[in-house]
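Chain residues, written in single-letter form:
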Amino acid sequence: MSRLRSALTVFFALDGFLFAGWVVRIPAIKQQTGSSASDLGLALLGVSAGAVVTMMFTGRLCRRFGSHPVTVVCAVVLSLSITLPPQTHSALTLGLVLLAFGASYGSLNVSMNSGAVEVVAALRRPVISSFHAAFSLGGMVGAGLGGLLAGGLSPAVHLSLLTGVGLLVTALAGPVLLRNATPVPPVPERAERGAATRRRRQDPRVRWLVLLFGVIALCTAYGEGAMADWSALHLTQDLGASPGVAAAGYSLFALAMTVGRLSGTALMERLGQTRSLVAGGITAALGMLLGALAPTTWAALAGFAVAGLGLANIFPVAIGRAGALAGPGGVAAASTLGYGGMLLGPPAIGFLADWFSLPLALTTVALLAAAAAVIAYSARDTSPPAARV
C-alpha cells in the first residue's frame, strides 16, 4: 500500500510540474504568436476543451482497464504533447495543439483521481488532499524552475527538456503503479460494494449530489485556471514585474496550495469537510480580491498566496466525495464539470480584460470562490452516509 501510494503521489507531482512548466511560458508564447488578450483566451480554451471532451471517456476506460494502466499511458502522452505549443506562430494553431495537450492532461487527472479515491476507500481516511498537495508541489517546482529558465532558454528548449523529465519519471514510477493494485475487500464484500455503487449511480438524488460537487469543483477550478493562465501576465502587464517575479507569482500560489493540502487531512478530521469547504471558499475570495486589485506587486503576491490557501482543499474534497458516491464515473462527472471552470475561465477573463481590465476580470475568481462556499454550506446535510469519506 505504501509503494502504491508513493507511486501515485509521484504522478500527481509530475502532472503539476509539467502543467506549471507550460503556464509560466504563456507570456512568451503569447508574444511569439502575436495574440491579443482575447485571442489568447480563446486559444487557451483548447486546454480545457480537450480535457472536458475526454474526461467522461476516461472514466469508462478506468472502469474497464483499471485506473493505473490508464494513468501511465496518459502520463506518456502528456509528456510528449507539451512540446507542441512552442512550435506554433498564431493563436489558431496554438488553440489546435492545446486541444491535444488538454486531452492528455484531463485524462491523466481523471485516472489519477480515480486511483486516489480507491486509496481513500482502502485507508478509510480523507487523505485525498495529500495527493493534490503533490500536484501543487510539482507546480511550485515547475513554476520556480520555469522562472529561472525563462531568461536563458526559449520555450521550445525548455518544454522539450520537460518532455524528457516526464518520460523518465513515468519509466521509473509507472512499473511500480502497474505492479501494485489497490487492496480490495473479499469477493463477497467487493461484489456487495460494487452493486451498491451501481445502485447509487442510478439514484437521482446521488446524481444531483455529484452535480452539486461538480459545480463546487467548477467554481474553484476556474480560480486555479485563472492563476495558471493569467497571474504572470497580470504581474508583468499591470504591475510591471519582471518575468522572473511574474513566474514566482504562480509558484507562490502553488506553494500556498501545497501547504494547505498537506494539512488538509488533519483539517478535515478536525473541522469536518463542510466547514473546511466554506472556510476555504471565503478565504480564497478575500485573497483573490487582494491579488487582483492590489496596487503593488508584493501585495498582489500576498493575495495570491492567501487565495492558494483557501482554494487548496476545495477541489480534491469535491472530487473525492463524488468518487465515493459513484466511483470512477462520479470522478469523471465531477471532474468534467470542474474543468468546465477552466473551459469558461480563459475566454471569459480574456474578453473581460479587453472590455474592462485584467484586474477587474480576475475579481470573478473571488465571486466564484464565494459561490463555492455558499453551495458547500447549502449541501451540508444532503450527503448520504456512503459519501462521507
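Residues numbered from 1 in each chain as written. Predicted model: local features only at pLDDT ≥ 70, side-chain atom pairs only at ≥ 80, totals over all residues. Heavy atoms only, no water.

### Digging into the overall build of the chain
Put simply, the rule is: Counting from the N terminus, the helices are DSSP H or I runs at least four residues long and the strands are E runs at least two residues long. It is over C-alpha atoms that the radius of gyration is taken, and the globule rule equals 2.2 Å times the number of residues to the power 0.38. The buried label applies to any residue whose accessible area, calculated with a 1.4 Å probe on protein chains only, is under 20% of its type's maximum; exposed applies above 50%, and partly exposed to all values in between. In this analysis, two residues are considered to be in contact whenever any of their non-hydrogen atoms come within 4.5 Å of each other. Here the open area of atoms and residues is found with the Shrake-Rupley method and a 1.4 Å probe, where only the protein chains shown may cover a residue. The sign given to each residue is positive for Lys and Arg and negative for Asp and Glu; His and the chain ends receive no count. By convention, charge coordinates are those of NZ in Lys, CZ in Arg, CG in Asp, or CD in Glu.
Along the backbone of the chain there are 15 helices and zero strands. Computed over C-alpha atoms, the radius of gyration of the chain comes to 19 Å, within 12% of the 21 Å expected from 2.2 N^0.38 for 389 residues, which places it in the range of a compact globule. Each of the three principal axes of the chain carries a C-alpha extent, and together these read 60 × 45 × 30 Å. Out of the 389 residues belonging to the chain, those deemed buried represent 58%. In the chain, the proportion of contacts linking residues at least 24 apart, taken out of those at least 6 apart, comes to 86%. Accessible surface, the chain: about 14900 Å² in total, of which carbon and sulfur atoms supply 69%. Once the 24 positive and 12 negative side-chain charges of the chain are each reduced to a mean point, those two points are 10 Å apart.

### Points about the environment of Leu 233
Inspection of the secondary structure puts Leu 233 in helix α9 (residues 204-237). As a C-alpha pair, Leu 233 and Leu 358 span 125 residues in sequence and 8.9 Å in three-dimensional space. Apart from the residues lying within four places of it in its own chain, the contact partners of Leu 233 are Lys 30, Asp 238 and Leu 358.

### Some words on the packing of aromatic side chains
Where we set the bar: Only Phe, Tyr and Trp rings are paired, with Trp represented by its six-membered ring, and only when their centres lie within 6.5 Å; those with planes under 30 degrees apart are stacked, over 60 edge-to-face, the remainder tilted.
Evaluated as defined, the whole model comprises six aromatic pairs. Pairing Phe 101 with Tyr 105 gives two aromatic rings, centres 6.4 Å apart and planes at 10 degrees, and the pair type is stacked. Remark: Tyr 105 and Phe 101 occur in helix α5 (residues 91-123); sequence separation between them is four residues, near one turn of the helix. The rings of Phe 19, Trp 22, Phe 101 and Tyr 105 are connected pair by pair, giving a single aromatic cluster.

### Considerations on the pattern of salt bridges
Condition: Salt bridge criterion: a side-chain nitrogen from Lys or Arg within 4 Å of a carboxyl oxygen from Asp or Glu.
Across all of its chains, the model carries one salt bridge by this definition. Across the pair Arg 261 and Glu 224 runs a salt bridge whose closest N-O atoms are separated by 3.6 Å. Here Arg 261 is found in helix α10 (residues 243-262), whereas its partner Glu 224 is found in helix α9, with 37 residues between them in sequence. According to the relative accessible area criterion, Arg 261 is buried, its value standing at 1%.

### What about empty space enclosed by the protein?
Using the following cut-off: Whether a set of points on the 1 Å grid over the protein atoms alone is a cavity depends on a 1.4 Å probe fitting there but being unable to get out, while an open set qualifies as a pocket with protein on both sides within 12 Å along at least five of seven lines; lining residues are those with an atom within 4 Å of a point. Grid points are joined across faces, edges and corners, and a volume is the space filled by probe spheres set on the points.
With the rule as written, the count across this model stands at five cavities of 30 Å³ or more. What the largest cavity holds in volume is close to 90 Å³. Lining the largest cavity are twelve residues, with Asn 109, Phe 135, Glu 224, Phe 315 and Tyr 339 sitting closest to its centre. Looking at the lining of the largest cavity, the elements that each hand over two or more residues are α5, α6 (128-150), α9 and α14 (314-355).

### What to know about the side chain of Thr 58
Mapped onto the elements, Thr 58 comes out in helix α3 (residues 37-65). Apart from the residues lying within four places of it in its own chain, the contact partners of Thr 58 are Val 70, Ser 107, Val 110 and Ser 111.

### Description of a nonpolar patch on the surface
Note the cut-off: Exposure above 30% relative accessible area and no salt bridge define the residues that can form patches, which grow by joining like charges within 9 Å and nonpolar side chains of Val, Leu, Ile, Met, Phe, Trp and Tyr within 5 Å.
Together, Ile 282, Leu 286, Leu 289 and Leu 293 give the surface a local cluster of nonpolar side chains, amounting to about 390 Å² of exposed area. Relative to the elements of secondary structure, Leu 293 occurs in helix α12 (residues 273-293). Residue Leu 293 is classed as exposed on the basis of its relative accessible area, which comes to 53%.

### Description of the state of the cysteines
Note the following rule: Cysteine sulfur atoms that come within 2.5 Å of each other are treated as a disulfide pair.
Overall, the coordinates contain zero disulfides when judged by the stated rule. Unpaired in terms of disulfides, Cys 62 finds its nearest cysteine sulfur in Cys 74, a separation of 7.6 Å. Overall, Cys 74 belongs to the buried group, its relative accessible area being 11%.

Purely spatial values, then, with no claim about function.
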